[in-house]
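# Structural characterization, general
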Amino acid sequence: MAEAYIVDALRSPTGKRRGRLASVHGADLRAHVLKALVRRNTIPAEDYDDVMWGCLDTIGPLAGDIARTCWLAAGLSQHVPGVTIDRQCGSSQQAVHFAAQAVMSGTVDVVAVGGVQTMSQIPISSSMTCAKELGFSDPFSGSKGWTARYGNAPVSQFHAAELIAKKWELSRKDMEAFALESHRRALHAIDNGYFSREVVPFEGLDMDETPRRDTSLEKMAKLEPLQPDGRITAGISSQTCDAASAMLIVSEAAVKHYGLTPRARIHHISVYADDPIWMLTAPIPATARALKKAGMTWEDIDLVEINEAFACVAMAWLKETGYPHEKTNVNGGAIALGHPLGATGTKLMTTLLHELERRNGRFGLQTMCEGGGQANVTIIERLWRWSE
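These lines cover the structure that appears in this document, whether it is placed above or below. None of the values given here were measured: they were computed from a predicted structure.

All right, on to the overall build of the protein chain then. The helix and strand inventory of the protein chain stands at 13 helices and 10 strands. Rg of the C-alpha trace for the protein chain: 20 Å, near the compact-globule value of 21 Å for 388 residues, within the 12% margin. Expressed along its principal axes, the backbone C-alpha trace of the protein chain runs to roughly 60 × 50 × 45 Å. Counting the 388 residues in the protein chain, one finds 57% classified as buried. For the protein chain, the proportion of contacts with a sequence separation of at least 24, taken over those separated by at least 6, is 81%. Accessible surface for the protein chain amounts to roughly 15800 Å². Of this, 50% is attributable to carbon and sulfur atoms. Of the side chains in the protein chain, 40 bear a positive and 44 a negative charge, and the two mean positions are spaced by 2 Å.

Have a look at this one:
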């Protein structure tokens, strides 16, 4: 079978809500990482076959096929097309999958993939407001088929997080301890320069501004739950933020033609789904299925990135898989570093690749929960080691 290779991976700094990147147009933030991606590699811009970009709530400045808009805003060849992908929080991870499939099929050789989200300007679920303006309380109201199958059960990530916390017997205090560790790991990574190779500074911001140095268990304990009598608070949830990320996926023919050095190989790609009302549990069965399909065991996996949509999502996954927390989200997760929705998939994979290189690990696995009760799983194999 033909192979798909990762040649480069980078991201912008992550701007906190209403932070340094709050007023930046999504096309410009994304264009910044695209220009860096093209500049850092030897492939002429006009030789790119496609641009596949993840983004949610594509309204306002994120509308109009942001993948195409970003490439043009970067001043790159207008002959290169772009497509915007929405698999909810896994959108840019799905972009990697689509690009890998296209390369493996032999139909393309060079694809720029990634994602962008400017959540300070376009808050999460902003597209839902369009449904309300049209007279629908949510995207599911009015569907006879949906109602016949799921009734009027709430379709909410917050409701799902509460269900998970209760089922897996995760106390608020335990989740707050997990969240605090996420901040500790993220700050340790920043202070030791672990992110310096993957972050492309933007307009004076050279590093993530989301981790909270002053947070504590005492401060978290004072936060109000997001639902009455609930366990989930803002302190144990992913942060809304602004960011873009990008990767370069190429074929073996492109590697030879342009004299590239592949940094990793796409070893496995799959997607699986679970109950949409529980919504956030799909990474558990999706991971088990992926390992089986890949013919691998946990002993083969050196590092894991699972998106910390909520502390309970990663904690339930850890309980079910038995994989060590010490090898999971080793540089912190979305609770500390933010979850820029459409950009998160390639943002996590960028960090996973760089950490595999730093540790000289071989295989890394990435998964994340997604709206509709879905989960992508990607396994990459590191091929190159960075030497200081």
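Moving on: the pairing of strand β4 (residues 82-85). Alignment of strand β3 (residues 50-54) against β4, held across 4 bridges, turns out to be parallel. Bridging across to β4, W53 finds its partner in T84. Note that the unit made of β3, helix α2 (residues 66-73) and β4 has a crossover that is right-handed.

Following the criterion strictly, the structure yields 17 salt bridges and no others. When the shortest N-O distance is used, the salt bridge between E181 and R184 registers 2.8 Å. Note that E181 and R184 are positioned in helix α7 (residues 172-191) at a spacing of 3 residues, about one turn of the helix. Owing to a relative accessible area of 22%, E181 belongs among the partly exposed residues under this scheme. Classification of R184 by relative accessible area gives partly exposed; the value is 46%. The closest approach of N and O atoms between R213 and D191, which form a salt bridge, is 2.6 Å. Here the residue R213 occupies a position in the loop between α7 and α8 (217-221), and D191 occupies one in helix α7, the gap between them amounting to 22 residues. By relative accessible area, R213 is classed as exposed at 57%. Overlapping salt bridges bring together D8, R40, R197, R263 and E357 as one network.

A word on the packing of helix α10 (residues 283-294) against helix α11 (residues 311-321). Relative orientation of the contacting elements α10 and α11 amounts to 40 degrees, with a least axis distance of 9 Å. Here α11 runs oblique to α10, going by the angle between their axes. Of the two possible hands of crossing, α10 and α11 adopt the one that is right-handed. Residue-level contacts link P283, I284 and T287 of α10 to A316, W317 and E320 of α11.

Conventions used here
- Residues numbered from 1 in each chain as written.
- Predicted model: local features only at pLDDT ≥ 70, side-chain atom pairs only at ≥ 80, totals over all residues.
- Heavy atoms only, no water.
- Helix = DSSP H or I, 4+ residues; strand = E, 2+ residues; numbered from the N terminus.
- Rg over C-alpha atoms; globule rule 2.2 N^0.38 Å.
- Buried < 20%, exposed > 50% of the residue type's maximum accessible area, 1.4 Å probe, protein only.
- Contact = heavy atoms within 4.5 Å.
- Areas by Shrake-Rupley, 256 points an atom, 1.4 Å probe, with all protein chains shown as cover.
- Lys, Arg positive; Asp, Glu negative; His and termini not counted.
- Charge placed at Lys NZ, Arg CZ, Asp CG, Glu CD.
- Pairing = 2+ DSSP bridges.
- Right-handed = clockwise from strand over helix to strand, strands pointing away.
- Salt bridge = Lys/Arg side-chain N within 4 Å of Asp/Glu carboxyl O.
- Axes fitted to C-alpha atoms, helices over the stretch in contact; angles between N-to-C directions.
- Parallel < 35°, antiparallel > 145°, perpendicular 65-115°, else oblique.
- Left-handed = near helix turned anticlockwise from the far one by under 90°.

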